[in-house]
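Below are the chains, spelled out letter by letter.
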Amino acid sequence: MATSALLPSGPSRSRFKNVLWISLGLTVLFVFITSEVLLVTDYPMYHAYRLQVIADRHLLIPHTLAGIFALLIGPINFSSRIRQRYLQLHRVLGRIYVISVFVGSFTGIALASGRPGLPGTSMQAAAWMVCTTAAFITARNRHIVQHRQWMVRSYAVTFTFVSSRVLNLWPRYWSHLGDSFAAVGVIAFTLASLLIVEIGLNWHALTTRRD
């Protein structure tokens, strides 16, 4: 896996890569502090969600752990330096990533079962599994360029579990729009993430005229 397929060419690549990962890391930290930490304090806006977390912990714990593994493994396996020096580690972590995606997907669907958010969660999980499966198959077939591209798509879906929670600080998102609209928001975040990736992957073709 590598982010090179999504990066600009030339000397700006390293700078872009650093800015990208720092931005993603700050987003994770922001969401963790403003959203997940508040569950411990029984923040009023998250009271119903907190009760759901307690009731569904047998599914939520493996779902959360799988998501954390996927989030952490992504940056490691996107590193060209680590991949070149520790190829076996790259492959082992890649398999753990695939397992984490499927565990996270199925437990996410189970958590949403019987709730208004099921369509959005199911679509998100389907996109996650399809992109990851395509990445795994292309790696097994040694189509490395296509493998990297599918992994960029897969990690984009992985990160929607973080980016979609940025809206948690907007009370209207939960209280006024309702669960059904929140499910639409999940779908929108997933599609937007994949669209941005596709533009990035095809940026050269979009901005350069062929002679």
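Residues numbered from 1 in each chain as written. Predicted model: local features only at pLDDT ≥ 70, side-chain atom pairs only at ≥ 80, totals over all residues. Heavy atoms only, no water.

S.K.: Residues and numbers for the packing of aromatic side chains, please.
M.R.: One pass over the structure, following the stated rule, counts four aromatic pairs. Taken together, a centroid distance of 5.6 Å and an interplanar angle of 85° make the contact between phenylalanine 78 and tyrosine 155 edge-to-face. Of the two residues, phenylalanine 78 sits in helix 3 (residues 57–78) while tyrosine 155 sits in helix 7 (residues 144–163), which places them 77 residues apart along the sequence. Judged on exposure class, the residue phenylalanine 78 and its partner tyrosine 155 are both buried. A centroid spacing of 6.5 Å and a plane angle of 40° characterise the contact between tyrosine 155 and phenylalanine 159, whose relative ring orientation is tilted. In this pair, tyrosine 155 and phenylalanine 159 are both assigned in helix 7, four residues apart and thus about one turn of the helix distant. Note on tyrosine 155: relative accessible area 7%, which makes it buried. Residue class for phenylalanine 159 comes out buried when judged on its relative accessible area of 10%. Members of the aromatic cluster, joined through ring pairs, are Phe78, Tyr155 and Phe159. We note arginine 153 situated over the ring of tryptophan 150; from NZ or CZ to the ring centre the distance is 4.4 Å. (Phe/Tyr/Trp six-rings, centres within 6.5 Å; stacked < 30°, edge-to-face > 60°. Helix = DSSP H or I, 4+ residues; strand = E, 2+ residues; numbered from the N terminus. Buried < 20%, exposed > 50% of the residue type's maximum accessible area, 1.4 Å probe, protein only. Lys NZ or Arg CZ within 6 Å of the ring centre and 35° of its normal.)

S.K.: Before we move on, could you go through a nonpolar patch on the surface and cite the residues and values that matter?
M.R.: Taken together, Ile61, Leu65, Ile68, Phe69, Leu72, Val92 and Ile96 make up a surface patch of nonpolar side chains, about 610 Å² in accessible area. Elements with a contribution of two residues or more to the nonpolar patch: helix 3 and helix 5 (87–112). Ranked by the residues each element gives to the nonpolar patch, the list is headed by helix 3, at five residues. Judged by relative accessible area, leucine 72 falls into the exposed class, the value being 53%. (Patch = residues over 30% accessible without salt bridge, like charges linked within 9 Å, V, L, I, M, F, W, Y side chains within 5 Å. Areas by Shrake-Rupley, 256 points an atom, 1.4 Å probe, with all protein chains shown as cover. Salt bridge = Lys/Arg side-chain N within 4 Å of Asp/Glu carboxyl O.)

S.K.: How would you sum up the environment of proline 62? Please name residues and give values.
M.R.: Position of proline 62 relative to the elements: it lies in helix 3. Proline 62 sits 41 residues away from valine 103 along the chain, and the two C-alpha atoms are 7.3 Å apart. Ignoring any residue separated from it by four or fewer positions in sequence, one finds proline 62 in contact with Arg57, Val103 and Thr107. (Contact = heavy atoms within 4.5 Å.)

S.K.: Got a sec to walk through the pattern of salt bridges? Specific residues and values, please.
M.R.: Under the counting rule described, the total for this entry stands at one salt bridge. Among the ionic pairs, arginine 153 bridges to glutamate 198, the shortest N-O distance being 2.3 Å. Linking arginine 153 in helix 7 with glutamate 198 in helix 9 (residues 178–201), this pair joins segments that are 45 residues apart in sequence. On the basis of relative accessibility, which here comes to 27%, the residue glutamate 198 falls in the partly exposed class.

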